[in-house]
Amino acid sequence: EDGSVITCNIETIFSIDDKDYIALLPQLEDEEDVVWFYGYSENPDDVNEEPELRYIEDDEEYEAVCDAYDEWLDNADFDEM
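Definitions and cut-offs
- Positions within a chain are numbered from 1, following the residues in the order the chain's sequence is written.
- Confidence filtering applies because this is a predicted model: local features only for residues at pLDDT of at least 70, side-chain atom pairs given and counted only at 80 or more, and all residues used for totals across whole chains, interfaces and linings.
- Side-chain calculation: all heavy atoms of the structure are included, whereas hydrogens and water are not.
- Numbering of helices and strands runs from the N terminus, with a helix taken as a DSSP run of H or I at least four residues long and a strand as a DSSP run of E at least two residues long.
- Only protein chains enter the area calculation, which uses a 1.4 Å probe; residues under 20% of their type maximum are buried, those over 50% are exposed, and those in between are partly exposed.
- Should any heavy atoms of two residues lie within 4.5 Å, those residues are considered in contact.
- Accessible surface area values rest on a Shrake-Rupley calculation with a 1.4 Å probe, where residue burial reflects the displayed protein chains alone.
- Each nonpolar core is a collection of buried residues, namely Ala, Val, Leu, Ile, Met, Phe, Trp, Tyr and Cys, held together in the definition by side-chain atoms within 4.5 Å.

### With respect to the overall build of the chain
Counting secondary structure elements, the chain contains 1 helix and 4 strands. Ordered by position from N to C terminus, the α and β elements of the chain give β-β-β-β-α. Dimensions of the chain, computed from C-alpha atoms along their principal axes, come out at roughly 40 × 35 × 25 Å. Per-residue burial over the chain gives 21% buried out of 81 residues. Taking the contacts inside the chain whose residues are at least 6 apart along the sequence as the reference set, 30% of them involve residues at least 24 apart. Accessible area for the chain stands at about 6700 Å²; split by element, carbon and sulfur atoms hold 42% of it.

### Some words on the nonpolar core
If you look at the biggest cluster of nonpolar residues, it comprises 9 residues: Phe-14, Ile-16, Tyr-21, Ala-23, Phe-37, Ile-56, Val-65, Cys-66 and Tyr-69. Those elements that place two or more of their residues in this core are β1 (8-16), β2 (19-26) and α1 (59-80). Element by element, the count of residues in this core is highest for α1, at 3 residues. With residues up to four places along the chain from it excluded, the contact list for Ala-23 reads Asn-9, Ile-10, Glu-11, Thr-12, Phe-14, Val-35, Trp-36, Phe-37 and Tyr-69.

In structure tokens:
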């Protein structure tokens, strides 16, 4: 929001109702266990084009993204067992 550049690791990219989302883990010293969610899209006609991120402004959409991420985490934990 303030124009800062922050390096992030990609945790996962997932879909809900034909929309893609990305979960990012920012590399910040003072914040651990923080996950940022964005809408995500790629240009299928140009694989070299940078992906586009969009803010999730709708509360219901954000809650659905959080729920889907929690489900992904549960499945990832189950797969590790």
